[in-house]
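# Descriptive analysis of the structure
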Amino acid sequence: MLLKVRQEQHEMDDDDTDLSQVFENTLKYTGKFSFYQNRETIKAVREMLQTKNLHKFEAASLANLCPDNYEEAKALIPSLEDKFEDEELNELLEDLKTFKDLTQ
């Protein structure tokens, strides 16, 4: 989100210089994995994850990786194995998908 703001600022400036290739590549890369497009959605996801018994790393990983199911989530974040039953974790992932779908 911050990179997009920087790009918009650059476009509004009268500066004729181009943004660096590294910046452009980084913007493209982050766009591929940007599941939440606005601040309200990001805040809602964060608040929802804070209600769960998650370490900050686990919450950030779930939000950023958006695994499709409990098996994928537990493979990517092994510490979830002892924290959630499979169905409970699937429900959490479905909630995350709802936020993701709202922004697409």
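As shown above, the structure is provided for reference.
None of the values given here were measured: they were computed from a predicted structure.

### Some thoughts on the overall build of the protein
Regarding its fold elements, the protein presents six helices and zero strands. Put simply, the protein has 104 residues, and 30% of those count as buried. Counted over contacts in the protein with a minimum sequence separation of 6, partners at least 24 positions apart contribute 52%. Of the roughly 7700 Å² of accessible surface on the protein, a fraction of 49% belongs to carbon and sulfur atoms.

### Digging into the pattern of salt bridges
Two side chains of opposite charge can pair, provided their charged atoms sit close to one another. Applying the stated criterion to the full structure yields four salt bridges. For the salt bridge of glutamate 94 with lysine 97, the shortest nitrogen-to-oxygen distance reads 3.4 Å. Note that glutamate 94 and lysine 97 are positioned in helix α6 (residues 86-102) at a spacing of three residues, about one turn of the helix. The partly exposed category is assigned to glutamate 94, whose relative accessible area is 45%. Since its relative accessible area comes to 24%, lysine 97 is described here as partly exposed.

### Some remarks on the nonpolar core
The biggest cluster of nonpolar side chains holds 16 residues, and the ones touching the most others in it are Leu49, Leu54, Leu62, Leu80, Leu89, Leu92 and Leu96. Every element with two or more residues in this core is listed here: α3 (39-50), α4 (56-65) and α6. Ranked by the residues each element gives to this core, the list is headed by α6, at five residues. The residues touching leucine 92, leaving out its near neighbours within four places in the chain, are Met48, Leu49, Lys52, Leu62 and Phe84.

### So, the side chain of lysine 74
Tracing the backbone through its elements, the reader meets lysine 74 in helix α5 (residues 70-76). Here aspartate 86 takes part through its side chain, which lies 2.6 Å from a polar atom of the side chain of lysine 74. What lysine 74 contacts, discounting residues up to four positions off in sequence, is Leu80, Glu81, Phe84, Glu85, Asp86 and Leu89.

### Considerations on the environment of asparagine 90
Turning to its location among the elements, asparagine 90 is positioned in helix α6. For the pair asparagine 90 and asparagine 69, spaced 21 residues apart in sequence, the C-alpha to C-alpha distance is 5.8 Å. Filtering out sequence-adjacent residues up to four positions away, asparagine 90 remains in contact with Asn69 and Tyr70. At 3.0 Å, the side chain of asparagine 90 and the backbone nitrogen of tyrosine 70 are in polar contact.

What counts and how
Residues numbered from 1 in each chain as written. Predicted model: local features only at pLDDT ≥ 70, side-chain atom pairs only at ≥ 80, totals over all residues. Heavy atoms only, no water. Helix = DSSP H or I, 4+ residues; strand = E, 2+ residues; numbered from the N terminus. Buried < 20%, exposed > 50% of the residue type's maximum accessible area, 1.4 Å probe, protein only. Contact = heavy atoms within 4.5 Å. Areas by Shrake-Rupley, 256 points an atom, 1.4 Å probe, with all protein chains shown as cover. Salt bridge = Lys/Arg side-chain N within 4 Å of Asp/Glu carboxyl O. Core = buried A, V, L, I, M, F, W, Y, C linked by side-chain atoms within 4.5 Å. Polar contact = N/O pair within 3.5 Å; in protein donor to acceptor, adjacent residues only side chain to side chain.

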